[in-house]
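Here are the chains, one letter per residue:
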Amino acid sequence: MAPPIPLLAVRGSDGTSLLSGPPTCEEHSTFQRDSRSSRCVTFSRDGTLFAWCNGQNVSVVKSSDVSVVTSLNLPKTSLLDISPLNTILVTWQPYSSKSPRQPSPHIQLCAVIGCRCPSWSEDEKIAVRSVNNELHFYENNDFQTIANKLHMQKVSDFVLSPGGQPSKVCVYVPGSKGAPSFVRLYQYPVLGGPTAALANKSFFKADRVSMVWNRRASAVLVTASTEVDKTGASYYGEQTLHYLAVNGETALVQLQKKGPIYDVVWSPGSTEFCVVYGFMPAKVTVYNLKCDPVFDFGTGPRNAAYYSPQGNILVLAGFGNLRGQMEVWDVKKYKQVSKPQAPDATHFSWCPDGEHVVTATCSPRLRVSNGYKIWHYTGSVLHRVETAAGAELWEVRWQPFPAGSFPERPVKYQAAPSELGTTQAAPTQAYRPPALRHLPATASAKLHEEELPQNQRPAAPGEKGLSKSALKNQKKREAKKAAKQEAKPEPEAPSDPAPVSNNQSEPSSGDPETDKKIKNLKKVSHLRHNSMVKPRPFLCPPRDFISPGLKYSGKMCFNIFESFDYTYRYIFQLSAKIYDNLTHAIYAAKVRRI
C-alpha cells in the first residue's frame, strides 16, 4: 500500500489554501481556496480534520474529502485547537463585552462529533488547567467536576507528558525571598504528600523556564533563563540546562562552551538530545541519557536543530539574524549529507514522510520577499512560491500523521532531481582589492576560528589505530595524571643568599666602642631590609648612642628612617652629643646666676 501524501496548509493575506505535498506539489483538487483573510488554521493531532477561521465563521472539514463537519459563528476567533481524539474544539477570541454586566467568554469548548486552554493526555482521560496557582485535573472531558487538584504556591507553568497512562506532569514554581526556584515531576493521581514527587530539581538562576518531555515520557529537559546576566557576558541573560528523569535522577548538563542556549530538542527515539549553545559561532553537541556527550558537531552559524520524524536525519540551521545556512546530517553515521542555504527564512518544519522540508519567509517577522519552498533533504528545491507584490504570507503548516505512518528509508547522499536545482552554498573567499588580485593569495586571519566536527578533526599523536574504549581509557589516564600534577605542592622559592661581607676598609670615628655599635646597627638594618619588613620610623636617638657621662635629654625627636645611609646615623649621633652638652652648659650657667 502506497503511503499517503501529506497536505500543506497555506495562510496569507490572499486567503487560505491546501496544497498536496511532494512529489506533485499542486493545489488540492477538492478544496476550494477561501479568498477571505484568515485569522488562524489548525489540523487535528491525527491529521483527519482541518479547521480555519476566515473572519466570519469557524469551519471544520475532513482532510480526505473536504466534507464539512461543522461551522460556527465565531468571527473573532484568533486561536484554534482540537483535542487528541477529535471530540473537543477549543476556540479563543479577545475578551469583549456589550455591557459591563454581560461579558462574553473568550474561551469556548464545543463538541465537534458533540480561562486557559486545557492540556489533554493522548487518550483524553485527563485534562489539566492552571487556575489561581492550582492545577485542576478533569477526567473524561467532564469540565464541570474537578477530579483532583495540585496546590502549590505560585505555580507559574506546567507541561503534561505525552503518551498514554499513567500521565505525568512537570511543574515549575519560581523562587521568592531568597528561596530557589524548583521543578517537580508528579504522576497522576498521586499529587500530595512529601514523597509524591518523582523528581525534584532546584536552582537559583531562573526567571523563566521551558520544559520539554521526550516521546516516551521518561525524562524532561528544563532550560532555566534569567533576564539579566550579572557578569555582563551576554545581552540575552544567562541560561542553564537541567535533566530530570521519572526514576528520580537529576543532573545539570555540563556544556562545553559558555554562552546562551539557543535550542534543545529530543530525538524521536527518546535516547538522545541535541543542544545548540555558546557564543557565536555556536556549538552543537548530542548527549545521551547520562548527560555525557556522544558527538560534537563543532561550531558554526547555527541557532536551531530539527530531527526528522523517523529520527535518522538531523538538520542544524541558522535562521533569523543568521544567513540561513542548513546542515543535513545522517545521525547513524554522523556524516554530512548536504549543506543548502535558505536566506531570510523564518520558518522550518519537516514533512511527516521524513524526506522533505518546508522553509518560509513569513510576515510580520519579515514583510518583504514572502514565500515558501519545499525541499528534498539532499538540497534540491522541488517547489517554490513567491507572494505577489503587496501580499503577505502568514503561516504554512504540514498535515500531521500518527507515528509509524511513514517507514524509515535509507539516507541518500546524491541530490534528488529537480528542475529548480539546488542551493548549495558556494565556497566563498575573502575580498581582495583589484590591485592585489594578480598576486598569490595569502592566508587571511578570521574573526572566529570554527571547530570541525568530531570525526573530521586531525587525530592527536598516539591516537591512530586505537579503539573507542582504548581512547576513552587513555583520556581517563591523562585526566588522572593532570589531577595529580595539580594536587602536588609547589616548590618553595629559594631563600636569599647570605650577604657577602665587604672587606674594604670602612671609615672609623676614632672611638672603638662607637665603631662597634655602628657595625652592629649595620647588621640589624641589613637583616630587616632582606626580610622585606617595612622600615619603622626612628623617632628619637637611642640611649646607646649617648655617652654614659652625659645626661639623656629626650627632647630631640627627628623623623628619620632606618633605611637611611649609615653616615647620617653617625652624624645624628654626633649632633645629639653636641646638643646635650650645650643644654647642660646653659643649665649650669643659669644655676650660677641664681
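Scoring rules and cut-offs
Residues numbered from 1 in each chain as written. Predicted model: local features only at pLDDT ≥ 70, side-chain atom pairs only at ≥ 80, totals over all residues. Heavy atoms only, no water. UniProt positions renumbered as here; feature names shortened; annotations may be inferred. Helix = DSSP H or I, 4+ residues; strand = E, 2+ residues; numbered from the N terminus. Buried < 20%, exposed > 50% of the residue type's maximum accessible area, 1.4 Å probe, protein only. Areas by Shrake-Rupley, 256 points an atom, 1.4 Å probe, with all protein chains shown as cover. Phe/Tyr/Trp six-rings, centres within 6.5 Å; stacked < 30°, edge-to-face > 60°. Lys NZ or Arg CZ within 6 Å of the ring centre and 35° of its normal. Salt bridge = Lys/Arg side-chain N within 4 Å of Asp/Glu carboxyl O. Pairing = 2+ DSSP bridges. Axes fitted to C-alpha atoms, helices over the stretch in contact; angles between N-to-C directions. Core = buried A, V, L, I, M, F, W, Y, C linked by side-chain atoms within 4.5 Å. Contact = heavy atoms within 4.5 Å. 1 Å grid on protein atoms, 1.4 Å probe; cavity = no way out; pocket = protein on both sides within 12 Å on 5 of 7 lines; lining within 4 Å. Points joined across faces, edges and corners; volume = space filled by probe spheres on them. Nonpolar A, V, L, I, M, F, W, Y, C, P; charged D, E, K, R; others polar.

- For the protein chain, an unreviewed UniProt entry supplies the name Eukaryotic translation initiation factor 2A and the organism Sander lucioperca.
- Heading Sequence similarities (unreviewed entry) of the UniProt record for the protein chain holds this comment: "Belongs to the WD repeat EIF2A family."

1. Side note on the overall build of the protein chain
Point 1. Of the regular secondary structure elements, the protein chain holds 3 helices and 38 strands.
Point 2. Across the 594 residues that make up the protein chain, the buried fraction comes to 39%.
Point 3. When the accessible area of the protein chain is evaluated, it comes to approximately 35500 Å², of which 54% is carbon and sulfur surface.

2. Things to note about the packing of aromatic side chains
Point 1. All told, the structure shown has 18 aromatic pairs when counted by the stated rule.
Point 2. On the numbers, 6.1 Å between centres and 80° between planes, the contact of F31 with F50 is edge-to-face. Of this pair, F31 sits in the loop between strand 2 (15-20) and strand 3 (40-43) while F50 is found in strand 4 (residues 49-53), placing the two residues 19 residues apart along the sequence. For the residue pair F31 and F50, the accessibility class agrees, reading buried in each case.
Point 3. The rings of F31, F43, F50 and W52 are connected pair by pair, giving a single aromatic cluster.
Point 4. Sitting over the face of the ring of F182, R184 holds its NZ or CZ atom 4.2 Å from the ring centroid.
Point 5. Over the face of the ring belonging to Y413 we find K335, whose NZ or CZ atom lies 4.7 Å from the ring centre.

3. Describing unusual backbone geometry
Point 1. With an omega of -5°, the peptide bond running from Q165 to P166 counts as cis.
Point 2. Relative to the helices and strands, P166 is located in the loop between strand 16 (157-160) and strand 17 (168-173).
Point 3. Cis geometry is found at the peptide bond from M280 to P281, where omega equals 0°.
Point 4. We note that A217 has phi near 60°; this positive angle belongs to a residue other than glycine.
Point 5. Within the fold, A217 resides in the loop between strand 20 (208-213) and strand 21 (219-225).

4. Topic: the pattern of salt bridges
Point 1. Under the defined criterion, the tally for this structure stands at 12 salt bridges.
Point 2. Measuring nitrogen to oxygen at the nearest pair gives 3.6 Å for the salt bridge that ties R33 to E27.
Point 3. Classification of E27 as partly exposed rests on a relative accessible area of 47%.
Point 4. Salt-bridge contacts for E392 lead to R367; the nearest nitrogen and oxygen are separated by 3.1 Å. A residue pair is termed long-range when its members are at least 10 positions apart, and E392 in the loop between strand 35 (381-386) and strand 36 (393-398) and R367 in the loop between strand 33 (356-361) and strand 34 (371-376) qualify at 25 residues.

5. Observations regarding the sheet that holds strand 33
Point 1. Here 4 strands make up an open sheet; going across it, the order is 32-33-34-35 and the pairing antiparallel. Where the open sheet ends on each side, the last strands, each with one partner, are strand 32 (347-350) and strand 35. The sheet shows a mean angle of 15° between the axes of neighbouring strands, direction not considered.
Point 2. Judged from the 6 bridges that link them, strand 33 and strand 34 form a sheet pairing that is antiparallel. Bridging across to strand 34, A360 finds its partner in Y372.

6. Observations concerning the sheet that holds strand 21
Point 1. Read across the sheet, 4 strands follow the order 20-21-22-23 without closing on themselves; strand pairing throughout is antiparallel. Only two strands of the sheet have a single partner each, and these edge strands are strand 20 and strand 23 (250-252). Each strand axis lies, on average, 20° off the axis of its neighbour in the sheet, ignoring direction.
Point 2. The pairing of strand 22 (residues 239-245) with strand 23 spans 3 bridges and is antiparallel. Bridging across to strand 23, H242 finds its partner in L252.

7. As for the nonpolar core
Point 1. Judged by nonpolar contacts, the single largest core of 17 residues is most densely connected at L135, F137, L150, M152, V169, V171 and Y186.
Point 2. With 3 residues, the single largest contributor to this core is strand 17.
Point 3. When residues no more than four places from it in sequence are discounted, the contact partners of M152 are N133, V171, V173, F182, R184 and Y186.
Point 4. One finds V328, A342, V357 and V411 within the second-largest nonpolar core, a separate group that totals 16 residues.

8. Section: the layout of surface pockets
Picture a little ball the size of a water molecule; that probe, rolled over the atoms, points out where space is still empty.
Point 1. In this structure, the largest pocket occupies an estimated 1800 Å³ of space.
Point 2. What lines the largest pocket is a set of 46 residues, and nearest its centre among them are R45, E122, R215, P400 and F401.
Point 3. Of all the elements in the fold, those that place two or more residues in the lining of the largest pocket are strand 3, strand 12 (119-120), strand 20, strand 24 (261-266), strand 28 (304-307), strand 32 and strand 36.
Point 4. Sorting elements by how many residues they give to the lining of the largest pocket places strand 32 first, with 4 residues.
Point 5. Taken together, the residues of the lining of the largest pocket sort by class into 26 nonpolar, 14 polar and 6 charged.

9. A closer look at empty space enclosed by the protein
Point 1. What the largest cavity holds in volume is close to 70 Å³.
Point 2. Lining the largest cavity, in full, are Q310, N312, I313, D353, G354, E355, Y377, P407, E408, R409, P410 and V411.
Point 3. Volume-wise, the second largest cavity comes out at about 50 Å³.

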